[in-house]
Amino acid sequence: MELSAYVPIIGLFGLAVGFAVVSLVAARIAGPRRANRAKLEPYECGIEPTPQPVGGGRVPVRFYLTAMMFIIFDIEVVFLIPWAVAFDQLALGGFLAVTLFIVAVTIAYVYEWRRGGLEWD
Amino acid sequence: MLSQAPTLADFGHDTWWVIIIKVLAAFVFGVVMTLLGVWFERRMIGWMQVRPGPNRAGPFGLLQTLADGLKMAFKEDLRPRGSDRLVFLIAPCISAVCALTALAVIPFGPIVSIFGERTPLQVTDVPVAVLVLLAVSALSVYGVVLGGWASGSPYPLLGGLRASAQMISYEVTMGLAVVTVFMLAGSMSTSEIVAAQASNPELSIGGATLAVPGWYVLLLLPTFVIFAISAVGETNRLPFDLPEAESELVAGFMTEYSSLKFALFMLSEYIHMVVASAVITTLFLAGWRAPWPVSVWDGANQGWWPLLWFMGKVVLVMFVFVWLRATLPRLRYDQFMRLGWKVLIPLALGWVLVLGGTRVAQVSDLSRSEQLWLGGAVAAVLLLAVLFWPARRQPSRPSPAEQVAARPPGSFPLPPLDLQVPPSPQARRAVAAKRTAASGRSEAEPAVKRPLEGRAGTDPEGGEQDG
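Position numbers for residues count from 1 along each chain, tracking the sequence in the order it is written. Just so you know, chain letters begin at A and ligand numbers begin at 1, following the order they were written in. Thresholds applied to this predicted model are a pLDDT of at least 70 for local features of residues and 80 or more for the giving and counting of side-chain atom pairs; totals over whole chains, interfaces and linings are not thresholded and use all residues.

(A) Spatial organisation of the overall build of chain A. Helix and strand counts for chain A stand at three helices and zero strands. When the helices and strands of chain A are read in sequence order from the N terminus, they spell out α-α-α. Atoms counted for the radius of gyration: C-alpha only. Globule rule: 2.2 Å times residue count to the power 0.38. Taking 2.2 N^0.38 as the reference for a compact globule, 121 residues should give roughly 14 Å; the C-alpha atoms of chain A span a radius of gyration of 25 Å, well beyond that estimate. Along the three orthogonal principal directions, the C-alpha set of chain A runs to about 70 × 50 × 20 Å. Here chain A holds 121 residues, and the buried ones make up 23% of them. Strands are runs of DSSP state E lasting at least two residues, helices are runs of H or I lasting at least four, and both sets are numbered from the N terminus onward. Field definition: a residue is buried when 20 or more other C-beta atoms are found within 10 Å of its C-beta, exposed when 12 or fewer are, and partly exposed for counts in between, with C-beta atoms placed from the backbone.

Put into structure tokens, the structure is as follows:
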């Protein structure tokens, strides 16, 4: 398998980038410009906008917890996929190894579940 | 006759103009499917809600989306004052580009001849095609999150935050689900997964063997269910469209976007839906292969016909997406995350183990000691699962009265917390009349009725208020 099979993906990527750039430019050319102060204010259903902290301010810690869990499970998926593709060759040994691996990750998962890391309220 | 089903070796040998034709075709497919998809969705929802839907622009309103898109190009392109200039510009492009790039590895059909060149009806296929799909759909999260963040406005920020947690959660589920597909197909290339579903495995039930269709929707039904649910979550479609929940966040991450930037977000959302439908078709519904009654005909899987079966299946899956939207109410965010992390992920993990164990037992000729090992491993997993099973413990919530008592002095006054609706004046009058009637029927009844009637006759408003 040569790398030439990847070329069309890059081609489609380039075409999509071109399309996006052309639409942005087209909107710039075709659209009117009649901005006023009210239009440029952030939309808050008509009330005076609340001052926004720089960079979005503070974010509930749940989102970071979710992100950390995501990394754990994504690494798990990364290890599971090669095993799944070579499943028939690895047979029993591979299955036992993966079982141990899943059990190891599950311990961390259960720990977080029990500590209430998965609760959103 | 040469084999029609392409293998990995058939890709990467196209001449340059065939590549250009196929890339352009995939791009046009994406854009046209968006135009038709929006129309299809609006018509379908209109039909389900017993109203016509768009029916003015063009035959059956087919050109409605095109008209909307043209109109958007002539709208003012606003950027709110507090926004980040560059990121605000790039975010919709990221979304649209990622969504379009995913079309590169979707198999549309078998090997056909285009102007005398024999080539598979698929832009390209690589050994890691499904990973390319997952990666590209993961990257499109950036468009949504950055778009929400860069707007410098509260609603988009909330929408972007929700999108970030939502999409990464359901991506894990998706990744775990496709593991079982790889297990059966033994490959990550989309064309080979389609080819793997062509064989009819023999199933022996009580001595009688019958050939079942090799579609993974039948062989891997749990995977299909998990994957379909997480695909809806990943594409931000109702009932999981929390990042843009209209009733809560105005339009979520795209609140501040206007003109063609908004159109790019819409485009990417619908291309995502098309790609998700195409991926479900490829992985579980045998891609371009003809469904059963048609597959009896020999020519069904040759030439350009498979394009028709493929489109039919994609439209069918898209219809289910629309159907879901018309049927189900939006989930609350905590319910949604609970579904992902506490239901789908354990289910997917358990299913990987169950399928792996079954396949190992089938494939390998197990000796006695190996059987013991396997049984021991399964028992160990079960033991661990039972040991660590999360306790169903009711979190002790303070009662309303305790919450009121815990408020700092000087707080705002509260409405009554018992949520009892006071009875209507009419009901109160009726109750009063009944009570007096029960206490002394003989003399009290006329005495009570007369003043009530008199008051109602002379001063109805006063009677309504204090009655």
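(B) Expanded view of the overall build of chain B. Each helix and strand in chain B was counted, giving 18 helices and four strands. Counting all 467 residues of chain B, 41% fall into the buried class. Across chain B, contacts joining residues at least 24 apart in sequence account for 73% of those joining residues at least 6 apart. In this description, a residue-residue contact is defined by the distance between C-beta atoms placed from the backbone, which must lie within 7 Å.

(C) Local environment of the pairing of strand S1 (residues 111–114) of chain B. Residue and element names in this part refer to chain B. Strand pairing requires that DSSP identify at least two bridges connecting the strands. The pairing of S1 with strand S2 (residues 117–120) spans four bridges and is antiparallel. Paired with Val-112 across the strands is Thr-119, a residue of S2. In textbook terms, the turn of a hairpin is the stretch between consecutive antiparallel strands, and for S1 and S2 this stretch comprises two residues, one of which, Phe-115, has a positive phi near 50°.

(D) Quick look at the interface of chain A and chain B. Chain A puts 65 residues into the contact, and the matching count from chain B is 82 residues. Where the side of chain A that touches chain B is concerned, the elements lending two or more residues are helix H1 (7–30), helix H2 (61–85) and helix H3 (87–114) of chain A. Of all the elements, H1(A) adds the most residues to the side of chain A that touches chain B, at 16 residues. When grouped by side-chain class, the residues that make up the side of chain A that touches chain B number 44 nonpolar, ten polar and eleven charged. Classification used: nonpolar for Ala, Val, Leu, Ile, Met, Phe, Trp, Tyr, Cys and Pro, charged for Asp, Glu, Lys and Arg, polar for all others including Gly.

(E) Structural context of the packing of H1(A) against helix H10 (residues 259–284) of chain B. Look at H1(A) against H10(B): their axes get within 8 Å of each other, and the N-to-C directions meet at 150°. Relative to H10(B), the element H1(A) lies roughly antiparallel. Residues A:Ala20, A:Ser23, A:Leu24, A:Ala26 and A:Ala27 of H1(A) form the contact with H10(B), whose participating residues are B:Ser259, B:Leu260, B:Lys261, B:Ala263 and B:Leu264. Its residues assigned to classes, the contact of H1(A) with H10(B) shows seven nonpolar, two polar and one charged. For helices, the axis comes from a line fit to the C-alpha atoms of the stretch in contact; other axes are also lines fit to C-alpha atoms, and the angle between any two N-to-C directions lies between 0 and 180 degrees. The scheme is simple: roughly parallel for angles under 35 degrees, roughly antiparallel for over 145, roughly perpendicular for 65 to 115, oblique for anything else.

(F) Seen up close, the environment of B:Ser164. Within the secondary structure layout, B:Ser164 lies in helix H5 (residues 154–185). Counting along the chain gives 272 residues from B:Ser164 to B:Thr436, while the straight-line C-alpha distance between them is 64 Å.

(G) Molecular detail of unusual backbone geometry. All names here are of chain B. Its identity is not glycine, yet Val-50 carries a phi of approximately 55°, on the positive side. Its place among the elements puts Val-50 in the loop between helix H1 (16–48) and helix H2 (64–73). Assessed through the 6 C-beta atoms surrounding it within 10 Å, Val-50 is described here as exposed. Backbone geometry places Phe-60, a non-glycine residue, at a positive phi of 55°. Among the structural elements, Phe-60 can be located in the loop between H1 and H2. With 14 C-beta atoms packed within 10 Å, Phe-60 lands in the partly exposed category.

(H) Broad picture of the packing of H1(B) against H10(B). All names here are of chain B. In contact at an axis separation of 9 Å, H1 and H10 are set at 95° when each is read in the N-to-C sense. Accordingly, the angle class assigned to the pair H1 and H10 is roughly perpendicular. Residues Gly-30, Met-33, Thr-34, Gly-37 and Val-38 of H1 form the contact with H10, whose own contacting residues are Leu-267, Tyr-270, Ile-271, Met-273 and Val-274. Residue composition of the contact of H1 with H10, by class: seven nonpolar, three polar and no charged.

(I) Representation of H1(A). Here, expected helix span is obtained from the residue count minus one, scaled by 1.5 Å. Counted at 1.5 Å a residue, the expected span for H1(A) with its 24 residues is 34 Å, and the 34 Å between its end C-alpha atoms agrees. Residues of H1(A) that are buried include every one of A:Pro8, A:Ile9, A:Gly11, A:Leu12, A:Ala16, A:Ala20, A:Ser23 and A:Ala27, and no others.

(J) Geometry of the environment of B:Ala405. Locating B:Ala405 in the fold gives a position in helix H15 (residues 400–405). Residues B:Ala405 and B:Gly252 lie 153 residues apart in sequence; the distance between their C-alpha atoms is 36 Å.

(K) Broad picture of H10(B). Helix length check: H10(B), at 26 residues, gives a terminal C-alpha distance of 38 Å against a target of 38 Å (1.5 Å per residue), a fit within 8%. For H10(B), the tally of buried residues reaches 25 of 26 residues, placing the bulk of the element in the interior.

(L) Highlighting the confidence of the model for chain B. All names here are of chain B. Confidence scores per residue from the predictor, reported as pLDDT, run from 0 to 100. In this model, chain B carries a mean pLDDT of 80, and residues with pLDDT of at least 70 account for 86%. In the model, residues 447–467 has pLDDT below 50 throughout and makes nine contacts with residues more than four positions away in sequence or in other chains. Predicted complex metrics record ipTM = 0.86 and pTM = 0.78.

(M) Structural detail: the nonpolar core. Defined on buried residues, the nonpolar core groups Ala, Val, Leu, Ile, Met, Phe, Trp, Tyr and Cys residues joined through C-beta atoms within 7 Å. The biggest cluster of nonpolar side chains holds 137 residues, and the ones touching the most others in it are A:Leu12, B:Val179 and B:Phe182. The element contributing the most residues to this core is H5(B), with 20 residues. Discounting residues that sit within four places of it in the chain, A:Leu12 has contacts with B:Val23, B:Ala26, B:Phe27, B:Leu100, B:Thr101, B:Leu103, B:Ala104 and B:Val123.

(N) Representation of the environment of B:Glu41 within the structure. Mapped onto the fold, B:Glu41 is located in helix H1. Sequence separation of B:Glu41 and B:Leu220 is 179 residues, and the distance between their C-alpha atoms is 29 Å.

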